[in-house]
Amino acid sequence: MTNQTEQWTNRLGFILAAAGSAIGLGAIWKFPYVAGTSGGGAFFLLFLLFTVLIGLPLLLGEFVIGRSTQQEAISAYRTIAPGTGWHWIGRLGVATCFLLLSFYSVVGGWIFTYFFRGLTGQLIGQPYEQLFQDVIADPIGSVAAQFVFLLATIVVVARGVQSGIESANRYMMPGLFLLFLVLMVRSLTLDGAGSGVAFFLMPDFSKLSAESILYAMGQSFFSLSVGVSVMVTYSSYLGKEENLVKSAGSIVGLNLLVAFFAGLAIFPAVFSLGMKPEAGPGLLFIILPSVFEHIPFGTLFLLVFLALFLFATLTSAFSMLEVIVASLARGNEDKRKRLSWIVGMLIFAVGIPSALSFGVWSDVTFFGKTMFDAADFLVSNVLMPLGALLIAVFVPLKMKREVLIQELQARTPLGRKLFAAWLLLLKYAAPLAIIVVFLHSLGFL
């Protein structure tokens, strides 16, 4: 096993890359529609609390695994617990990223298609519900768009950690925040926007249900990319002098900020036009284009939003492919380019059934679900919770306390108190929360 030969240029490069991994479909696509159907402000408040109390401890758990060993996902666990089967956590993460990217790239292809249509004037003014159905049902278009999305992902990852992933995120992440600010300001200046702001920021706990509380809990740790060893891989490229606690705090803060921006960009616009926030997954592709259609310079702002969404989706895709490539290259950067193309093309091939699930293969089902929905269910409801649970168990059980204290720089009196709180949350609160969400997702609660 060889230590990673590449490292992030500095802590900012690491934070932007890790935040880029976390801020993707979960933060921009899933968060607004789940918040819209689960109580608005009350959901956001619970999401914030769960992110800090559950997501952050898990994130730090992955950080100490990766940075302490300087190894990729599989070798890191093998180094800490040699001669045991714990390295299968890394293998599980690699397999999960492979399957996740296979259908994630399909949604990335839809966003690319919408962005292309927006650039060529084929979006605004269309019957949006029918347009969405046409886009996802078009076999050639869906597969071609998925290929283009993966092609962009492969090209960046093949260039390496500094020249590829870090360089792309240095431009994409600030661009993402800038575009969000532009969109948010425009949304907040619409007539009637106050109702949307109130819905999002004024908690109404009467709208909360047991299910929405569980959704907030699940969203909190899934939105940080924990459970699939992405953060183990990314932190293995981080120098020993960098502060993991500050880095984790920055990433959590950026993730919460994007969720906050997403709510203020979307809900005021939706309420301004008298639409309902409970639109579900179609909020982005069906509701929002019709919102922008009624806004001055709507075409421009819709393009801004789609560009932002494409950026966020790509930065997450980089991290998924990187986990797989790094685990195969094992520190040998000479293999990176070839492995990036081989793995990327394999993911494309495996993802084709998901791309065809809404058209010519819509009748092909697996346990009553389309291939896309089956892959989504397996990743979101089984593999990711299982991975997060195993990591929460592994760190307190198998890592030496002195190594944890050293990695988290917890030698001051305050540091030791915070360390004890972190370990308590990771050891007890996180596993309990994950098991509850896991059982609920499988229909047992």
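Per an unreviewed UniProt entry, the protein chain goes by the name Transporter and belongs to Brevibacillus thermoruber. UniProt, in the comment section headed Subcellular location (unreviewed entry), describes the protein chain in these words: "Membrane". The record held by UniProt for the protein chain lists under Sequence similarities (unreviewed entry) the comment "Belongs to the sodium:neurotransmitter symporter (SNF) (TC 2.A.22) family."

Student: Please explain the pattern of salt bridges as it appears in this structure.
Tutor: A side chain of one charge can pair with a side chain of the opposite charge if their charged atoms are brought near each other. Throughout the structure, instances matching the rule amount to four salt bridges. Arg67 is paired through a salt bridge with Glu407; the nearest N and O atoms lie 2.5 Å apart. Linking Arg67 in helix H3 (residues 41-69) with Glu407 in helix H17 (residues 401-407), this pair joins segments that are 340 residues apart in sequence. Given the relative accessible area of 1%, Arg67 is considered buried. Across the salt bridge formed by Arg336 and Glu322, the nearest N and O atoms sit 2.7 Å from each other. One end of the pair, Arg336, is in helix H15 (residues 336-355); the other, Glu322, is in helix H14 (residues 298-329), with 14 residues separating them in the sequence. Shared partners join several salt bridges into a network, and the residues in it are Arg67, Lys240 and Glu407.

Student: Where do I start with the packing of H3 against helix H16 (residues 371-398) in this structure?
Tutor: When two helices pack together, you describe them by how their axes are tilted relative to each other and by the distance separating the axes. Two elements in contact, H3 and H16, have axes separated by 10 Å at closest approach and are oriented at 65 degrees. Considering the relative orientation of H3 and H16, their crossing is left-handed. Of the residues in H16, those in contact with Leu58, Gly61, Glu62, Val64 and Ile65 of H3 are Ala388, Ile391, Ala392, Phe394 and Val395. Of the residues belonging to the contact of H3 with H16, the class tally is eight nonpolar, one polar and one charged.

Student: Would you mind showing me how to read unusual backbone geometry here?
Tutor: For residues other than glycine, phi is negative in most cases, and the peptide bonds are mostly trans. Unusually for a residue other than glycine, Ser229 sits at a positive phi of about 65 degrees. Note on placement: Ser229 falls in the loop between helix H10 (210-222) and helix H11 (230-235). Phi is positive for Gln409, close to 50 degrees, though the residue is something other than glycine. Considering the arrangement of structural elements, one finds Gln409 in the loop between H17 and helix H18 (413-441).

Thresholds, definitions, all that
- Residues numbered from 1 in each chain as written.
- Predicted model: local features only at pLDDT ≥ 70, side-chain atom pairs only at ≥ 80, totals over all residues.
- Heavy atoms only, no water.
- UniProt positions renumbered as here; feature names shortened; annotations may be inferred.
- Salt bridge = Lys/Arg side-chain N within 4 Å of Asp/Glu carboxyl O.
- Helix = DSSP H or I, 4+ residues; strand = E, 2+ residues; numbered from the N terminus.
- Buried < 20%, exposed > 50% of the residue type's maximum accessible area, 1.4 Å probe, protein only.
- Axes fitted to C-alpha atoms, helices over the stretch in contact; angles between N-to-C directions.
- Left-handed = near helix turned anticlockwise from the far one by under 90°.
- Contact = heavy atoms within 4.5 Å.
- Nonpolar A, V, L, I, M, F, W, Y, C, P; charged D, E, K, R; others polar.

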